Amino acid sequence: MPHVKRISYSLFDPWIGPLVKKIYPILRIPIWFPPEGLILVGHLCAVIGAVGFAFSLTAWWGGWLAAFGVIGNHFFDCTDGTHARATNQCRNGGELLDHFTDPLSFAYWLIGWSVAIGRLDLGMAALVILFATAVLTNIKAKLTGEFTLASFGPTEFKAILVVVGAALSILTMLSAEFTTATALFAYWTLLTIGCVQLITGLWRAVHDVNRSSVPADVSEWQVGRTG
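Source: prediction; values computed, not measured.

**Brief notes about the nonpolar core**
Ranked by size, the top nonpolar core spans 28 residues in total, and within it Phe-53, Trp-109, Trp-113, Ile-117, Leu-161 and Tyr-187 carry the most contacts. When contributions to this core are tallied by element, the ones reaching two or more residues are α2 (35-54), α3 (60-86), α4 (92-117), α5 (120-144), α6 (154-172) and α7 (176-211). For this core, the element with the most residues is α4, which contributes 7 residues. If sequence neighbours within four positions are ignored, Trp-113 has contacts with Phe-53, Leu-161, Val-164, Ala-183, Ala-186, Tyr-187 and Leu-190.

Structure below.
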């Protein structure tokens, strides 16, 4: 299979990408430091963000912690690739870890948010939509040779989460009851958007892979034996 091309139609990436590249030299990350380490740091930021979301309706600092975690996660998510290319440490294993941890980060935040509003049922629905979208994106990339990100993709979703986190912190200091209702409405809104995006994305993906010049896989399964 040929190397998969990466294409982003993101609205925010053209602005954030060059900014990260300007900041990267200032960080002075040692050449010997592996990009996988930056992936780990970004993943830890995601965990911090999830904790923030979980406390966003009970503590004023929860939303700010959530926003900080999301921003940190995205910053290191952008920096790991830049560091890998700058230090000639590009590895398939690193890319695998990067794509593996990305949906997990979103899962942490959605779970934390659902804990805050006391609706784990909505959290489970959000996880189904999230991982269905991730699986669809990766299978389409395998079949077409192109890994594409939509105009409303991970970066835009993270931007919304940052705004939500900051807003919840401000609202929590004003009115806890109003904040809970707002957080629930926002969760329902994102859930609806994700569901619509998944359905339309599936329709387009089937159409795109059928039109792709990559020949269909007609090989039989090979049954492996151990021992």
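**A closer look at α5**
Between its terminal C-alpha atoms α5 stretches 36 Å, which fits the 36 Å expected from 25 residues at 1.5 Å a residue. The complete set of buried residues in α5 reads Leu-122, Gly-123, Ala-126, Ile-129, Leu-130, Ala-134, Leu-136, Lys-140, Ala-141 and Thr-144. Gly-145 lies just past α5 and shows a positive phi near 80°.

**A closer look at α3**
With 27 residues, α3 extends 40 Å from end C-alpha to end C-alpha; this agrees with the ideal 39 Å at 1.5 Å per step. Positioned one or two residues after α3, Asn-88 has a phi angle of 55°, which is positive.

**Points about the environment of Leu-174**
Looking at the element boundaries, Leu-174 is found in the loop between α6 and α7. What makes Leu-174 exposed here is its relative accessible area of 68%.

What counts, and at which threshold
- Residues numbered from 1 in each chain as written.
- Predicted model: local features only at pLDDT ≥ 70, side-chain atom pairs only at ≥ 80, totals over all residues.
- Heavy atoms only, no water.
- Core = buried A, V, L, I, M, F, W, Y, C linked by side-chain atoms within 4.5 Å.
- Buried < 20%, exposed > 50% of the residue type's maximum accessible area, 1.4 Å probe, protein only.
- Helix = DSSP H or I, 4+ residues; strand = E, 2+ residues; numbered from the N terminus.
- Contact = heavy atoms within 4.5 Å.
- Expected span 1.5 Å × (residues − 1).

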